[in-house]
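What the coordinates show
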Amino acid sequence: MTSTPKTHNNRALPLLCLFLSGAASLVYELVWIKQFSLIFGGTLYAISAVLCAFMAGLALGAWAVQRVLHRLEATGKSWDLVWLYGLLEGAIGLYGLAFPLGLGLLEGLYPAAMQAGLASGPWLHGLEFILSALLMLPATLLMGATLPLLGSWSIGGRAGSVFADVSLLYSINTLGAVFGCLYTQWFAVEHFGIRGATLTAVAMNGLVLLFSHLHRKRSAREAAAVRPDHARTADLKVPGTEEPSRFESLLLLFIFIYSGMAALASEILWTRVLVFPLGSSLYSFALILATFLFSIALGSLIAEKALGNSRWALKFLVVELAIGLVSIAILPLFNMVPEWTSRADQLFYAVENTAARTLFIRSLFAFGLMFVPALGFGLAFPLAHRVHLSLFGTVSRTLGNSYALNTLGAVAGTVLTPFLFIPWLGIRLSLFVIFAGLIFLAAFGLVVHQRARPRTAGAALAACALAIAGGFVYANPVISTARLGENNLARTEITENKSQIRLLDYKEGDFSTLSVVEDQATGARTLYVDGFSTATVAQGFGGSAYMEAMGFVPMALHPAPEKALVICFGTGNTLGTVSLFPGVEVDGVEIDKNVLPLAHWFSAWNHGAPNRPNTHMTIQDGRAYTRWTQASYDVITLEPMSPVQAGVVNLYSKEFYEEARARLNPGGLMMQWLPLHLIGEEDARAIIKTFQEVYPHTSVWNSFLTRIVLLVGSNQPVSIDKNRFDAMMQNPGLKASAERMGIRSLVDFADFFIAGGERLKPYLEDAPLITDNRPLLEHSAVNLLPPLKWQTDESFLNLLRFRIGEAPPVSGLSGDEAEKLHGDFQVRTAQRFAVFSRRYHGPGEAMFARQNFPAAMEAMRIFLDQNGTAPISLKDARWAPPAG
């Protein structure tokens, strides 16, 4: 195939288009995964199904376009490939606009399938793959076609430019993907919402169409055409080079497919490691993906200059060999991850920390682990395309088939890693096996390429096998649970003495990495999920009070609960507390199946929850379960992971609260966990405002821990029933549970009440709503700069101030009992304010110290009256400014 030489000016617009199309594709991918998760849920199976469907569409598009181009060649006509490329991008944009209509249809089909008996299991996950593939296929087919199409235009029939052109084009397209990733996750969704981000991707497609049209006009005399010479293999050979045999070509192709599998598999596995020092926020996942893509893009960009335009097969094999060697060489460093995580946490929680420093430190972790191997994958990509030219015979076939098969390898990596490698081998051993396989394949390829004699080849491969065995001894990738942090990723808090912490259990599961540790000095036990402390329990008062409170408070407030739903199992304490109530059937929903086998470590606190006769567990995403279940409940309570972690916002949005409300029986109660120590004050206001938007009768409750707040919502007024409370306290199990929370009397329970929703409305007036379209919590500033203790106290104090002059409604009291309860409650209110006044030298401090509560509370009221509706600031001159 011959082609008109491309000048610098002639290529500028197409390269810009390629950058934009790479960016738009990543926007669509990330946004669509978010939207599908609202239908299928955020389970591993659902996410994998969507991701596989997306990449399978890309592969099919790349394969299809080479066949189309071959037929266009046969017509003998000239075709402007850049303009055709622009038309495809325009079609992608149009489909992006119409995509929500398809989602609407899917929302009708999916529940019908579940009601037909596909509520769980492989049939459901297969259905999720088929439905998502069908919906995305028109767009992903066109996306997969764009790079081979533009590459065919750029290269034409000039075999000598395959390596250089693919190197440049692939790097530009991947750099666009880097931009699209960071743009979507760090900016677009936060400021424009899901729909707005989609529209910006549509605009990018529109720009590509426009620029392609401008290029067409400027290049009218230099038509970018497919010429009718069919680009015979003989025409594409470069003088002085020896093309590989067919067997060697097929072997090199298989290695490239395997390399695609290794690249995606290792990216998943490295991500599972990096969430420990980086955390599980949206910013962290975006940084990891962007680092991986940037390293690949850079490798592709420098490939020709770094490697030279000759001996491509040899260099391809050496690069693949080097990727495997480096990836195994760094495995022992994984034992340093727990220590690095502790040091990263110390910097993260330091008073003098900044958001920029957090990003810098996290970038160092991501680049330090992934940069060199990912750079190698980038170097290998253009090399492989040049190598495969002799196998496929034409430029268009080479670009389309190579891209398609490498992407299918990536699909295999996406499936095999969470469902086979990690469950059977663990993270490190999976990496070792994958890259040991790559090393052996590359060594075998080198033997074939060098045309070694059988004896020499056998000796070389035997030496390679011995080297891999030596690498196994060196890397020691097998999981061990003998000691904390040694051949495992288990960690502790930065405030704990590692020498007195014992690792009780450890599991690298398909969805997350779980560990249970015990403080041998106190007996406290903690469950960690991907390095995040989800719950700590201990004997005695307060050991697991807030988790029990999340079950006890709504169940005690409901007049006669018979059916309850507990979303998120964790240690099982909330579920166990709910199951203690007589005559109650409890459905539990947990997204990670590997959490349940760890429940026995917490049986002293969770009452053996999974095995109680009135509890029924379902492994499913809490949002998806709530949306699609046909069951109805008297009480729904949940304790998800940190609200600002990626994906958890789906359990804090207005739409979720509406779905939960639809599952409540008349008079039913919804209880939401609000951890003030994990979010900022603006986040807390947004959560309460969103919750109150759906539940007209909202109240705020709190256990003795000021950092944990409980939101209770209903369509009907909620009150404490004294007679029901007294009856509950006659039940030995409920009484023991209540006493662990510090509840021994009615006033103790009433003291959990902070404020009613009506009084909070002025404070929440300008707070934004959290919606599926605007998942604000994922973009919270605390992802980069966590709240300090005084900031958490300030958030709580701004809720507590509305308790002055208010008390929870209580029924069943005589006049004297009501008067006494009112007086005791006012004392408890004063005692709560005393904590903050004395801690921060605020209004009434001296009088609080002397327990002159009436005078102290009068001073606090004067302060609040002067402050008006403005939020309390502990930086105010009337308080002693806290450190930091």
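Given the structure is predicted, the values throughout are model-derived calculations rather than measurements.

Tallying secondary structure elements over the chain gives 29 helices and 14 strands in all. Along the three orthogonal principal directions, the C-alpha set of the chain runs to about 105 × 60 × 60 Å. Scored against the burial criterion, the 884 residues of the chain give a buried share of 61%. Pairs at least 24 apart in sequence give 79% of the contacts found in the chain among residues at least 6 apart. For the chain, the exposed surface amounts to about 33200 Å²; the carbon and sulfur share of it is 61%. Here the chain contributes 66 positively and 66 negatively charged side chains, and the mean placements of these two sets differ by 9 Å.

The next subject is the packing of aromatic side chains. Scanning the model with the defined rule gives 37 aromatic pairs in all. Ring geometry for Phe 432 and Phe 472: centres 5.4 Å apart, planes at 75°, overall edge-to-face. Of this pair, Phe 432 sits in helix H14 (residues 427–449) while Phe 472 sits in helix H15 (residues 454–475), and the two are 40 residues apart along the sequence. Taken together, the ring pairs connect Tyr 28, Trp 32, Phe 36, Phe 40, Phe 54, Tyr 95, Phe 99, Tyr 110 and Trp 628 into an aromatic cluster.

Linking two cysteines covalently via their sulfur atoms produces the bond known as a disulfide. In this structure the tally under the stated criterion is zero disulfides. Sulfur of Cys 181: no disulfide; nearest cysteine sulfur belongs to Cys 52 and is 19 Å away.

The strand order E1-E2-E3-E4 describes an open sheet built from four strands, whose pairing is antiparallel. Two strands bound the open sheet, and with one partner strand each, they are strand E1 (501–508) and strand E4 (532–537). Each neighbouring strand pair of the sheet contributes to a mean axis angle of 20°, computed without reference to strand direction. Inspection of the sheet shows E1 paired to strand E2 (residues 513–519) by seven bridges, in the antiparallel sense. Residue pairing in the sheet places Glu 508 in a bridge with Thr 513 of E2.

The next point concerns the side chain of Ser 171. Tracing the backbone through its elements, the reader meets Ser 171 in helix H5 (residues 162–218). Beyond its immediate stretch of four places on either side in the chain, Ser 171 contacts Val 166, Ala 297, Ser 300 and Leu 301.

Turning next to the nonpolar core. Proteins that are soluble and globular tend to have nonpolar side chains buried together. Residues Trp 32, Phe 36, Phe 40, Phe 316 and Phe 435 are the most contacted members of the largest nonpolar core, which totals 147 residues. The contacts of Phe 36, once residues within four sequence positions are left out, are Gly 41, Val 50, Phe 99, Leu 103, Leu 106, Ser 132, Leu 135 and Met 136. Formed by 120 residues, the second largest nonpolar core is a distinct cluster that contains Val 553, Phe 602, Ile 636 and Tyr 840.

For the rest of this paragraph, the subject is unusual backbone geometry. The backbone of Asn 476 sits at a positive phi, close to 45°, despite the residue not being glycine. Looking at where Asn 476 falls in the secondary structure, it is placed in the loop between H15 and E1. For Asn 487, which is not glycine, the phi torsion reads 60° and is therefore positive. Its place among the elements puts Asn 487 in the loop between H15 and E1.

Our next topic: the packing of helix H27 (residues 815–839) against helix H29 (residues 853–867). For the pair H27 and H29, the least separation of the axes is 10 Å and the interaxial angle reads 65°. The way H27 lies across H29 gives a crossing that is left-handed. Note on element contacts: H29 touches H27 through Phe 853, Met 857 and Met 860, opposite Val 827, Thr 829, Ala 830, Gln 831, Phe 833 and Ser 837. Partitioned by chemical class, the residues of the contact of H27 with H29 number six nonpolar, three polar and no charged.

On to the sheet that holds strand E9 (residues 664–675). Here eight strands make up an open sheet; going across it, the order is E7-E6-E5-E8-E9-E11-E10-E13 and the pairing mixed. Whereas interior strands pair on both sides, the edge strands pair on one side only; in this sheet they are strand E7 (615–619) and strand E13 (753–756). Each strand axis lies, on average, 20° off the axis of its neighbour in the sheet, ignoring direction. Of the strands in this sheet, strand E10 (697–702), strand E11 (708–714) and E13 are in contact with helix H26 (residues 789–800), which crosses E13 at around 60°.

Attention now goes to the environment of Gln 851. As for its placement among the helices and strands, Gln 851 is situated in the loop between helix H28 (845–849) and H29. The exposure class assigned to Gln 851 is exposed, which follows from its relative accessible area of 59%.

Going through the model one piece at a time under the given rule, you end up with 27 salt bridges. The salt bridge involving Asp 510 is made with Lys 593; its shortest N-O contact spans 3.5 Å. Pair noted here: Asp 510 is in the loop between E1 and E2 and Lys 593 is in the loop between strand E6 (585–590) and helix H18 (603–606), with a separation of 83 residues, a long-range link. Classification of Asp 510 by relative accessible area gives buried; the value is 9%. What makes Lys 593 partly exposed here is its relative accessible area of 39%. Among the ionic pairs, Arg 861 bridges to Glu 858, the shortest N-O distance being 3.9 Å. Note that Arg 861 and Glu 858 are positioned in helix H29 at a spacing of three residues, about one turn of the helix. Looking at Arg 861, the relative accessible area reads 32%, which means it is partly exposed. Looking at Glu 858, the relative accessible area reads 40%, which means it is partly exposed.

Contact geometry of helix H9 (residues 312–329) with H14 gives a least axis separation of 8 Å together with a crossing angle of 155°. In terms of orientation, H9 lies roughly antiparallel with respect to H14. Like other packed secondary-structure pairs, H9 and H14 cross with a definite hand, here left-handed. On H14, the residues that touch Ala 313, Leu 314, Leu 317, Val 318, Glu 320, Leu 321, Ile 323, Gly 324, Leu 325, Ser 327 and Ile 328 of H9 are Phe 432, Phe 435, Ala 436, Leu 438, Ile 439, Ala 442, Gly 445, Leu 446 and His 449. Considered class by class, the residues forming the contact of H9 with H14 number 15 nonpolar, four polar and one charged.

Bringing the pairing of E11 into the picture now. Counting buried residues along E11, seven of its seven residues qualify, which places the element largely inside the surrounding structure. Residues Ile 708, Leu 710, Val 712 and Ser 714 line one face of E11 and the alternating positions Val 709, Leu 711 and Gly 713 line the opposite face, and both faces are buried. Pairing of E9 with E11, which is carried by six bridges, proceeds in the antiparallel orientation. What sits directly across from Met 670, in E11, is Gly 713. As defined by bridge partners, E10 adjoins E11 across six bridges and the pair is classed as antiparallel. For His 697, the partnering residue across the bridge sits in E11 and is Ser 714.

Attention now moves to the side chain of Ser 48. The residue Ser 48 is located in helix H2 (residues 44–75) in this model. Setting aside anything within four residues of it in sequence, one finds Ser 48 in contact with Thr 414, Pro 418 and Phe 419.

For helix H10 (residues 337–348), built from 12 residues, the straight-helix expectation of 16 Å at 1.5 Å per residue is met to within 8% by its first-to-last C-alpha distance of 16 Å. All buried positions along H10 are accounted for by Val 337, Pro 338, Thr 341, Ser 342, Ala 344, Asp 345 and Phe 348. In a view along the axis of H10, the buried residues occupy a sector of 165°, so they form one face of it. The inward-facing, buried residues of H10 abut helix H7 (246–278) and helix H11 (355–387).

Bringing helix H25 (residues 757–764) into the picture now. Taken together, the buried positions of H25 are occupied by Gly 757, Leu 760, Tyr 763 and Leu 764. Within H25, the buried residues cover an arc of 95° as seen down the axis, which keeps them to one side. Packing partners of the buried residues in H25 comprise helix H21 (681–694), E10, E13 and H26.

Attention now moves to the environment of Leu 769. Note that Leu 769 resides in the loop between H25 and H26. Sequence spacing of Leu 769 and Ile 688 is 81 residues, and the spatial spacing of their C-alpha atoms is 9.1 Å. Other than its neighbours up to four places away in sequence, Leu 769 contacts Lys 654, Lys 689, Thr 690, Glu 693, Arg 774 and Leu 776.

Attention now goes to a nonpolar patch on the surface. On the surface, Leu 94, Leu 97 and Leu 199 cluster together to form a nonpolar patch covering roughly 310 Å² of accessible area. Relative to the helices and strands, Leu 94 resides in helix H3 (residues 81–115).

In this model, the chain carries an average pLDDT of 90, and 94% of its residues clear a pLDDT of 70 or more. Here helix H6 (residues 233–236) stands out as the least confident element of the chain, with mean pLDDT 47; strand E5 (residues 563–567) is the most confident, with 98. Low pLDDT (under 50) marks residues 1–5, which in the prediction has 19 contacts with non-local residues, meaning those over four places away or in another chain. Note that pLDDT drops below 50 for residues 223–235; the model gives that stretch 33 contacts with residues more than four away or on any other chain.

About the cut-offs
- Residues numbered from 1 in each chain as written.
- Predicted model: local features only at pLDDT ≥ 70, side-chain atom pairs only at ≥ 80, totals over all residues.
- Heavy atoms only, no water.
- Helix = DSSP H or I, 4+ residues; strand = E, 2+ residues; numbered from the N terminus.
- Buried < 20%, exposed > 50% of the residue type's maximum accessible area, 1.4 Å probe, protein only.
- Contact = heavy atoms within 4.5 Å.
- Areas by Shrake-Rupley, 256 points an atom, 1.4 Å probe, with all protein chains shown as cover.
- Lys, Arg positive; Asp, Glu negative; His and termini not counted.
- Charge placed at Lys NZ, Arg CZ, Asp CG, Glu CD.
- Phe/Tyr/Trp six-rings, centres within 6.5 Å; stacked < 30°, edge-to-face > 60°.
- Disulfide = S-S within 2.5 Å.
- Pairing = 2+ DSSP bridges.
- Axes fitted to C-alpha atoms, helices over the stretch in contact; angles between N-to-C directions.
- Core = buried A, V, L, I, M, F, W, Y, C linked by side-chain atoms within 4.5 Å.
- Left-handed = near helix turned anticlockwise from the far one by under 90°.
- Nonpolar A, V, L, I, M, F, W, Y, C, P; charged D, E, K, R; others polar.
- Salt bridge = Lys/Arg side-chain N within 4 Å of Asp/Glu carboxyl O.
- Parallel < 35°, antiparallel > 145°, perpendicular 65-115°, else oblique.
- Expected span 1.5 Å × (residues − 1).
- Arc of directions from axis to C-beta.
- Patch = residues over 30% accessible without salt bridge, like charges linked within 9 Å, V, L, I, M, F, W, Y side chains within 5 Å.
- pLDDT = per-residue confidence, 0-100.

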